Amino acid sequence: MDYQYLKVEEDGGVLTVRLNRIDARNALSLAHMRELTDVARTYRTAPHIHAVILTGTDSYFSAGADLAERLPKNETILDKRQRVQGGPDMCKAWAEVEPVTIAAIEGYCIGGGVALVTSCDFRIVGESGSLRLPEVPLGINMSWRSIPRLTALMGPSRAKQFVMFGEALDASTCLDWGLVDEISPDGGVYKAALQWAEKVGNLPPLPVRMTKEAVDAAAGMNDPTPTFMDRDQYLLTAGSEDFKEGVKSFFEKRDPEFKGN
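These lines cover the structure that appears in this document, whether it is placed above or below.

What counts and how
- Residues numbered from 1 in each chain as written.
- Predicted model: local features only at pLDDT ≥ 70, side-chain atom pairs only at ≥ 80, totals over all residues.
- Heavy atoms only, no water.
- Pairing = 2+ DSSP bridges.
- Helix = DSSP H or I, 4+ residues; strand = E, 2+ residues; numbered from the N terminus.
- Axes fitted to C-alpha atoms, helices over the stretch in contact; angles between N-to-C directions.
- Expected span 1.5 Å × (residues − 1).
- Buried < 20%, exposed > 50% of the residue type's maximum accessible area, 1.4 Å probe, protein only.
- Arc of directions from axis to C-beta.
- Contact = heavy atoms within 4.5 Å.

With that settled, the discussion passes to the sheet that holds strand β7 (residues 122-126). Ordered by their spatial adjacency, 6 strands build an open sheet running β1-β2-β3-β5-β7-β10, and the pairing between neighbours is mixed. Edge positions in the sheet fall to β1 (6-11) and β10 (182-184), since each of these pairs with one other strand and no more. Each neighbouring strand pair of the sheet contributes to a mean axis angle of 20°, computed without reference to strand direction.

Shown next, in the form of structure tokens:
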């Protein structure tokens, strides 16, 4: 299949999906998210695939949601609500892939990129890599159904720290907090992911898929109850003056002045 913003390759039961929107540091535009959703749904139950590796470039994974994307004018609230479903749909599609999914992260992974990789089963990060959620400091909620997954991986207190403060977690902290599963030398993350994929490929596929489904259910990682309102919360916070100030200060490289409006 041909994609504009992805490179997709199959080899020996391993599917590799590379983010390929280089001009925008793999920022997740609406079109990019639709492609990521499509490839996940296409291979959701693929019996000939035992592992899917999701990766970016040798320097970065993703800069997160595309804040610079031009959005349609004169949208109704219903239009906006439908548009912001793209991120949750993408993460849900990746969480529902039956083969084992492995995120291979070189460099930085920000915002929506973090939501995407936490939808995968395992995460491997390079020594100088980092993960960060800037949403709350920008004035919006962390959505895309990521809160249950982060809480299951890190525990409530650390999930709150990670989401609230918007501070980058370096590779060693990510490993210590349970956000990633392995640290690899820079430039060797994809190779490490292939080794994980090989381990999976040596196992009987049926109980592997059953185990994945059972553990995710037991951990509540895909539980919609805590997040059923998160896109409406996003629409509320995205319409606030604090969000406008947060984005403006981000592009102007200065501290924001929030007023609770």
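For the rest of this paragraph, the subject is the sheet that holds strand β4 (residues 60-62). Spatially, β4-β6-β8-β9 is the arrangement adopted by the 4 strands of the open sheet, whose pairing is mixed. Lying at the two open borders of the sheet, with one neighbouring strand each, are β4 and β9 (169-170). Here strand β8 (residues 130-132) pairs with β9 via 2 bridges, running antiparallel. Bridging from a neighbouring strand, S130 pairs with D170 of β9.

With that out of the way, let us pick up helix α9 (residues 189-201). With 13 residues, α9 extends 18 Å from end C-alpha to end C-alpha; this agrees with the ideal 18 Å at 1.5 Å per step. Buried within α9 are the following residues: V189, A192, A193, W196, A197 and V200. Taken end-on, α9 shows its buried residues confined to a sector of 145°, consistent with a single buried face. When the buried face of α9 is taken as reference, the exposed residues oriented beyond 90 degrees from it are K191 and E198. Looking at the packing, one finds that the buried side of α9 touches β2 (14-19), β3 (51-55), β5 (100-105), β7, β10 and α10 (205-219).

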